[in-house]
Structures are given as C-alpha cells and as structure tokens.
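# Descriptive structure summary
One letter stands for each residue in the lines below.
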Amino acid sequence: MRASGILLKAYRDLTRRKVRSALTILGIAVGVASLVAIVSTSRNLARAQAATYANTTQADLIYWVWDAPDSLRRPLSELPNVAAVELRNTYYTRAKLGDTWYDLYFVGVQDFSQMQVNKIALREGRFPGLNEVALEISAKDLAPLQIGDQIVFRSGAENTERLLTISGFAQTPTYPSSVFINLVLAYVPAARVQQMLGISGSNQLLIKLHDLSARDETMQEIERVFQKRRLQAGEPQVRDPQFFEGKRELDALIRLMYAFSGLGLLISGFLVANTLAAIVAEQVREIGIMKAIGGGRAQIMRLYLLSASTYGVIGTVIGLLLGTVVSWLLLAYAGWALNLVVARDISIPGLLLGGGVGLGVSVLGGIGPARQAASISVREALQSHGITNAYRQSRLDRLFRRLRWVPTLAMLALRNLLRRRGRHALTLLFVAAATAALLGALSTRESVNRAIDQIFSTYNADAWIWLNEIVTNHFSAQLKTMPEVAEAEAWTLTDAWVRFAKVRLWGLPADTTLYRPDMVAGRWFAAGESDAVVISTDLAAAQRIGVGDAITLDLGEPRRSNAVRAVRVVGIARDNAIFLGGALAGKVFAPRETVERMIERQRRSYFFAIGLRDKSPQATDAALTRLEERFRIFRPVTESAYRDMRSARQQSRLLSIALFVMTVLIALAGGLGVLNTQTLNVLERRREIGVMRAIGASNRNLMQIFLTEGLTLGGLSWLIGLLLAYPTAYLLLRLLSSVLFEIELIFAPRLVLVGAAFAILLATAASLVPALGAARLPAQEALRYE
C-alpha cells in the first residue's frame, strides 16, 4: 500500500461515519480545551501578579507614624538602600454607599501626579479635589455608583456625617475586590484626611528598597532616624515578594483544575480507542482483503494510527481555540475578583502543551485498535461474518435466561450490554468517573462552606470594635452598658515567631465566652497559667508540635525586654480563620495578661470583641451604628461577624466556580462517551434492527431497547461512581488543605440521590439520539447494511 492510498483510506474512514467522527473529535477538543484553559489561565494570572505585586512601585516597608512632617523624607531618602519614600494619611471610618453602610478606608495623597510608591491607576473620571473622592472601582459592584454621586461618611470627634462628591474611580493593585474584603478604599487629598485626624502631618510612611534582602539593616537605620526625631512609630509591615493577596486561593484553584483536566484527557483517549475499535470491527473483511493483496502489518498499523492522528489533529485544533476562549472567561472573572489588570494574551506554552497532549492521547488511544487490526489474519478476516453469536455462552447470559419475570425488551437490552464488554466497561468507568467528579466537587464545596460556618461558630462574637486610641480593659464594662450588648471582652493581637514560622499571637481571657475553642487535643489554658498556650492545628502540623511541648514566642523586637518568652503547649485547637491574603503559619492563643506583658501594654487595649442580644443582620448594623455614635470620641471602627462570613463565602466562590466548570467539562466528556458507545451499538446492529423491523418491532420497541441500555449504564455507573466519590472528595480536599487550611470532609447522604439522578439522566439523555436514530431506520436500509 502506497502512502497516498493510506491517506485516502484514512480520509474515507473519517468521513464515512460523520456522527461518530464528530463525537470523537468533540471529546478530544473538550480534553484539550480544559488543559489549555488551565495552563493559559495560571500563566496569565501569574504574569499579572508578578507585574502587580513585584514591580517597582510596591512598598517594601509600611510604617504607622504619628504626625510625621514632610521634612522626614530627606533623611530617609539619603539612606543607601532606600529607593523611594512617600508620606500619606489614612483613616478608617464608615460610609453610606447607596442605601448601605460599609467600612471605608481613606487614603490621603499629597500629589496624585507624583506618586512613586503604591501607585494607583485612574480608570474613570479624574483625581479628586478637596471636597471630592476617587473610589476603588470595585466599589461599583457594591452599589450603583457614578461620577457626580455623593457619599456620606463619618469623621471627627463627634463622628459627624459629611458629604463628598465622587470625581472618579481608581484601581488599587494591592487590594482584592471590595466585594471580597468588604472594605472600600477612598482616595482624597492628604489635607482632607489631616482634617479628619486633627494633625498637620502624616500617619503612614511608605518605603521602597533597592535590595529587599538587606531590609533588616535598613530598618535599624530607619529606627535611628525615628529616635533622633522623637517620632512615634509602630512596627513595619514587610512585603513578602513570594506572597500576594489571594495567592493561596489561586494555588488551590489551579491544583483543582489540573486534577480535573487529567480526567478529561483520559476520557478523550477512551473516545479515540472506542471509535477506532468500532472501525476495526466493521472493517475486518476489508483488512483481510488488504492483507490478501500484499498489505503488511506495519502498513495496517500506520493506516489506523493515521486515522487516530487525524482525529487528534482536528480535535486538538478545536480544543486549542475553545480552551483559549474559556481561559479568557476565567481570566476576566479572576481579574475582577483579585482586582488585577490581566492581559488576555495567548499562552504559547499552554498551546504547545495542549497540542502535544491532545495528539499524544489520540495516538496512544489508537495503538490498541491498530495492533488489533494488524494482528488479524487473512483467513480470520475473510471468514468473519461480523458480530458473532455469543448468547447463552457466559454465566451472566445463563443467569439472565432464568429471570423470566423481566420484560423481553428489557432483557434484550441487558444482554446487549454483554456483547461489547470492553467498550461498555470503559463507558461505565468514565461515566462513573464523571459521577465521582460531580459528587467530589459538591462534597468539596459543602466541606469548605461547613469549615467557614465552623470558624464563625468558634468566634462567638457578633462584632469587633477597634479604637483609634488605647484604653484600659475596663472599657468593656462601658460597652456592656449599652442595651444591645450582651457581652464584651478586651482581646490583644500581635504577630510573633515560633520556630522560624510567623504566627498570629492572640491574648484572650482564660474564661472567654466570645471564643469557643474547638479542641482536638489537650485542653484550654486555665486562669493563672501564664506560661500555657494553645496552638492551632495547622501550626501543630507544620512545625510538628504536640501537647506538652515547650516552644518559644518571639515578637522579633529586641528593644523590648519581654519580647521573647518560653511557654508550654497545653492544647491544640482547630481554628483556620485565615482567608484571603492570609500568609501566617497558624495561631497561638495565650492568656491576655501574658501577651500584654510581652508587648508592654498591661491592662490596656484598643480591640474588643462584642456579643449582641439580637444577632440578625439588621439589628447588628443598627447596634454598631449606635455604638459608633455613643463612643465617637474614640473614633471607633467596627466590623460585624455576618459581613465577615459573607466575605468569606464570596472568596470561596472562585473555588466553587472552578469546580462547577470542570465538572461540566467532565460530564460533557462522559456524556460523549455514552453517546459514542450507543451510536456505535446502533451502527453495528443495523441488520439486527432490520430483522426486528421485519418481524414487527415498532419505533417505540426499538427506542425502549436502547434507552434501557442507557438507563442500565447510568445505574451501574452510579454504583461505581459512589465507590469512587468519597476517595475523589478526599483527594480534592487534600489538595485544598495543602495550600489553604485543614478542611474536614463532609459527604452528605443526599449526595447519593444527586449522583443517581446525574448518572442516570446523563446516560439516558446521551442514549436518546442513538435511540431515535434506530427508531427511524427503515427495514430495507438496515438489511442492506454491510
């Protein structure tokens, strides 16, 4: 056989069974599209993050300062490792956008045209004047805001309500969407924020370094400048170049998508193998003729591998285009959620990987059928009469004969499933895999939501309040004088180091009622146990710390005499309340008095947890409004637990959407597998259909046979899918837990019914088109089929 003959034969095989070829090509396209979408999305997001968070405008050090004069710029700019210095003013308050009050973070800029550090991008309108404001553009997702609208905000010692006019909308690359963090950024001239603070200087210092690795020496030099000028300043926030807002969630998203794409590609390979196996079965006599006239094994193999490659090439091209479009859709949503400008570039590595994998899977899927075709002898091929009679030869056939109560057509459908056992077994497996993927995705989503619910049930507080000045812990008693407040506690929070891991150190009362620890080992510390601590499960796992171990808490502040303290672990609690942007390794809970001594702030605090009598959202907002009015002299900032929970659920939507998209792709591939198998069954049994037509079978009878086969495939796939669903959900949660936090697996009983409905409907719906094709096949055409 010449090369031109092989090409012509491959082309005829492709066009002879157009429906079957189209289904196979579509299956390959779905698998390739999922891989291209994942790789392109991850690479473009990584590029956008690198451009946003690792560029030359992001501050490496952020200091809180009080009333810092503009003259501070010069001595700091002269430090050898300092690249840029900028002073700003910030102010937390509440503002009314539309009909709802939100937390607002004012950022005062001296000259918007001369920003050097933490630059913002103006997207609409213009930068604000004295009585104007430029809002973060994602605020438009919270309320229908337009340029020229007015917002109401509170400021001053009396918490007076004032007005500002919106002059424009800006994008802040270091903050996720306002919808996700439940906080709106507002940019105004620095003079406006100075009026709110009652100072003439600045309260925020931004510093960009030449060499971030030399930050410790530079921080010491900056501290000496502060001391020389007797400037009040806090500990700096140090930028981590390897971490950005939402990195953990993005990593989890990419891992999930890779896991699902692997399954989709396996199903694509099955479709190719299934189609070529059917072609070989149909062309046994043709293979015998080709061998009789001199065709060799290698030529036969090349012929069918060429057919597999043809399917692969066409399916891969379609998949590359489809994957690019899906990637753009995912990038649009991720860019909105993470507040990034993501370029919709075509990812060359993604296209190359998708193309290589698509072609490779197609060729691998065709090797088996090609070898089978090459191994057929001339005698075997010429003596073949198509489908052989295997009835009554297996144990299952003999078992079915005894089930006389089963209707004849249903029995015929069941026995037909045994005729192509390998094909039907693979179809069962991949529909079961689609069912397991769906149940695993639903279980994962439910487990994440349950984890969020558990977190907020652990934090029994209904709201938190931050004061703009430090007060005594007895302020909690003043809070309880309000009729809406049932309980109030002073808490102390700071960062510390445990075995080179940065942790959040919480100082809580030993008898706290607003924190309900979920203990997994040991116990909660008792009153008077100044050196006893409880650690979170993620810290215990990461640092291999157990109950009874001794650890050292280090605040990383050598100038404080009590900054280092040896303590003993008495318990381990499940507390994973680190959501979007969390970069800490875990939590350490210690007696409040212990933490106060370490930070040298005994019996004083500015952070209080509050329990309310009426916990409804409306009552909570009303209570916090009255609280802010009552204690407006302290310029309080409040946050409600229900808003935090809503924000956490918004953050988990990215994972839910990814799970949904990938489940749809897997279900589509599984449905294509059933459709392909049933279509092949109809094509192979056309003569049988003609015989049944000739002896009086109606359209309804024929449809019933093939729909019953699909129903049986769906039922068996459901049972197998149930066995695979729990391990699938467990593996998905392990992937998430490795980058997020420890998540307990929840597999609700109702998922059993969901899986049954999904598998049976998928298989039955996919069998409908072949069943209709069988019902419409005339007897004369069927009997003439070769």
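Residues numbered from 1 in each chain as written. Predicted model: local features only at pLDDT ≥ 70, side-chain atom pairs only at ≥ 80, totals over all residues. Heavy atoms only, no water.

## Concerning the overall build of the chain
A tally of helices and strands in the chain yields 23 helices and 20 strands. Summarising the internal contacts of the chain: among those between residues at least 6 apart in sequence, 82% fall at separations of at least 24. Total accessible area computed for the chain in this model is approximately 34400 Å², and 57% of it derives from carbon and sulfur atoms. (Helix = DSSP H or I, 4+ residues; strand = E, 2+ residues; numbered from the N terminus. Contact = heavy atoms within 4.5 Å. Areas by Shrake-Rupley, 256 points an atom, 1.4 Å probe, with all protein chains shown as cover.)

## Remarks on the pairing of strand 15 (residues 532–536)
Remember that side chains alternate between the two faces of the sheet whenever the strand is regular. The buried fraction of strand 15 is high, at five of five residues. The alternating pattern of strand 15 places Ala532, Val534 and Ser536 and Val533 and Ile535 on opposite faces, both of which are buried. Two elements, strand 15 and strand 17 (residues 564–573), share five bridges in a ladder whose sense is parallel. Bridge pairing links valine 533 to valine 569 in strand 17. In this sheet, strand 18 (residues 587–591) lies alongside strand 15 in antiparallel orientation, the contact comprising two bridges. Across the sheet, isoleucine 535 pairs through a bridge with valine 588, a residue of strand 18. (Buried < 20%, exposed > 50% of the residue type's maximum accessible area, 1.4 Å probe, protein only. Pairing = 2+ DSSP bridges.)

## Structural notes on the nonpolar core
Counting residues in each nonpolar core, the largest one holds 28 residues, and the members touching the most others are Tyr459, Trp464, Trp491 and Phe589. Where this core is concerned, the elements lending two or more residues are helix 14 (421–458), strand 13 (501–508), strand 15, strand 17, strand 19 (604–612) and helix 21 (699–739). A per-element tally of this core places helix 14 first, with five residues. (Core = buried A, V, L, I, M, F, W, Y, C linked by side-chain atoms within 4.5 Å.)

## Quick notes on the packing of aromatic side chains
Scanning the model with the defined rule gives 19 aromatic pairs in all. On the basis of an interplanar angle of 35 degrees and a centroid distance of 5.7 Å, the ring pair of tyrosine 515 and tryptophan 524 is categorised as tilted. With relative accessibility at 14%, the residue tryptophan 524 sits in the buried group. The positively charged end of lysine 140 is found above the aromatic ring belonging to phenylalanine 169, 4.9 Å away from the centroid. (Phe/Tyr/Trp six-rings, centres within 6.5 Å; stacked < 30°, edge-to-face > 60°. Lys NZ or Arg CZ within 6 Å of the ring centre and 35° of its normal.)

## Focus on the environment of valine 754
Tracing the backbone shows valine 754 in helix 22 (residues 750–775). Sequence separation of valine 754 and leucine 442 is 312 residues, and the distance between their C-alpha atoms is 9.6 Å.

## Comments concerning the side chain of serine 447
Tracing the backbone shows serine 447 in helix 14. Here serine 443 takes part through its backbone oxygen, which lies 2.7 Å from a polar atom of the side chain of serine 447. (Polar contact = N/O pair within 3.5 Å; in protein donor to acceptor, adjacent residues only side chain to side chain.)

## Some remarks on the packing of helix 8 (residues 284–292) against helix 9 (residues 297–338)
One way to put it is that helix 8 packs onto helix 9 with a least axis distance of 10 Å and a crossing angle of 140 degrees. Comparing their axes, helix 9 and helix 8 come out oblique. Both helix 8 and helix 9 take part in a crossing whose hand is right-handed. Together, Ile287, Met290 and Lys291 of helix 8 and Arg297, Ile300, Leu303 and Tyr304 of helix 9 make up the contact between the two elements. (Axes fitted to C-alpha atoms, helices over the stretch in contact; angles between N-to-C directions. Parallel < 35°, antiparallel > 145°, perpendicular 65-115°, else oblique. Left-handed = near helix turned anticlockwise from the far one by under 90°.)

## With respect to helix 9
With 42 residues, helix 9 extends 57 Å from end C-alpha to end C-alpha; this agrees with the ideal 62 Å at 1.5 Å per step. Note on helix 9: the residue one or two positions beyond its end, asparagine 339, has a positive phi of about 60 degrees. (Expected span 1.5 Å × (residues − 1).)

## Some points on unusual backbone geometry
Both trends apply: most residues other than glycine have a negative phi, and most peptide bonds are in trans. Look at asparagine 118: it is not a glycine, yet its phi comes out positive at around 50 degrees. Tracing the chain through its elements places asparagine 118 in the loop between strand 3 (100–109) and strand 4 (121–125). Among the residues examined, asparagine 118 registers a relative accessible area of 16% and is labelled buried. For glutamate 600, which is not glycine, the phi torsion reads 60 degrees and is therefore positive. Take glutamate 600: it is sitting in the loop between helix 17 (592–598) and strand 19. Glutamate 600 sits in the partly exposed class, given a relative accessible area of 36%.

## Focus: the pattern of salt bridges
Evaluation of the coordinates by the stated rule reveals 17 salt bridges. The residue aspartate 462 makes a salt bridge to lysine 615 at a minimum N-O spacing of 2.7 Å. Note that aspartate 462 is positioned in the loop between helix 14 and strand 11 (463–472) and lysine 615 in the loop between strand 19 and helix 18 (617–630), a separation of 153 residues in sequence. Taking the relative accessible area as the measure of exposure, aspartate 462 reaches 11% and is therefore buried. The class of lysine 615 is partly exposed, set by a relative accessible area of 48%. We note a salt bridge from glutamate 487 to lysine 480, for which the minimum N-O separation is 3.6 Å. Assessed through its relative accessible area of 25%, glutamate 487 is described here as partly exposed. Judged by relative accessible area, which is 38%, lysine 480 ranks as partly exposed. The network of salt bridges with shared partners includes Asp495, Lys502 and Arg504. (Salt bridge = Lys/Arg side-chain N within 4 Å of Asp/Glu carboxyl O.)

## Describing the confidence of the model for the chain
When pLDDT is averaged across the chain, the result is 79; 79% of the residues are at 70 or more. Ignoring residues within four places in sequence, the model shows residues 385–392, a span with pLDDT below 50, making 15 contacts including any to other chains. Counting contacts from residues 579–583, a segment whose pLDDT is below 50, to residues more than four positions away or on other chains yields 23 contacts. (pLDDT = per-residue confidence, 0-100.)

## Some words on a nonpolar patch on the surface
On the surface, Val313, Ile314, Val317, Ile318, Leu321 and Leu359 cluster together into a nonpolar patch covering about 480 Å² of accessible area. For the nonpolar patch, the element with the most residues is helix 9, which contributes five residues. Note that leucine 359 resides in helix 10 (residues 348–375). On the accessibility criterion, leucine 359 (35% relative accessible area) is partly exposed. (Patch = residues over 30% accessible without salt bridge, like charges linked within 9 Å, V, L, I, M, F, W, Y side chains within 5 Å.)

## Structural notes on helix 6 (residues 215–228)
Spanning 14 residues, helix 6 covers 20 Å between terminal C-alpha atoms, matching the ideal 20 Å at 1.5 Å per step. All buried positions along helix 6 are accounted for by Thr218, Met219, Ile222, Val225 and Phe226. Considered in projection along helix 6, the buried side chains sweep an arc of 115 degrees and stay on one side of the axis. In helix 6, the exposed positions angled more than 90 degrees off the buried face are occupied by Gln227 and Lys228. The secondary structure elements touched by the buried residues of helix 6 are strand 1 (61–68), helix 3 (73–77), strand 2 (82–97), strand 9 (202–209) and strand 10 (237–238). (Arc of directions from axis to C-beta.)

## Comments concerning the environment of glycine 755
Structurally, the position occupied by glycine 755 is in helix 22. On the basis of relative accessible area, glycine 755 is assigned to the buried category, the value being 0%. Sequence separation of glycine 755 and leucine 439 is 316 residues, and the distance between their C-alpha atoms is 6.5 Å. Each residue touching glycine 755, except ones within four places of it in the same chain, is listed here: Thr435, Leu439 and Trp718.

## Focus on the packing of helix 9 against helix 10
Put simply, helix 9 and helix 10 touch, their axes get as near as 7 Å, and they point 155 degrees apart. By the angle class used here, helix 9 and helix 10 are roughly antiparallel. The crossing of helix 9 and helix 10 is right-handed. When grouped by side-chain class, the residues that make up the contact of helix 9 with helix 10 number 14 nonpolar, 10 polar and two charged. (Nonpolar A, V, L, I, M, F, W, Y, C, P; charged D, E, K, R; others polar.)

## Describing the environment of serine 155
Looking at where serine 155 falls in the secondary structure, it is placed in strand 6 (residues 150–155). Once you skip the residues sitting within four places of it in the chain, serine 155 turns out to touch Tyr91, Thr160, Arg162 and Met196.

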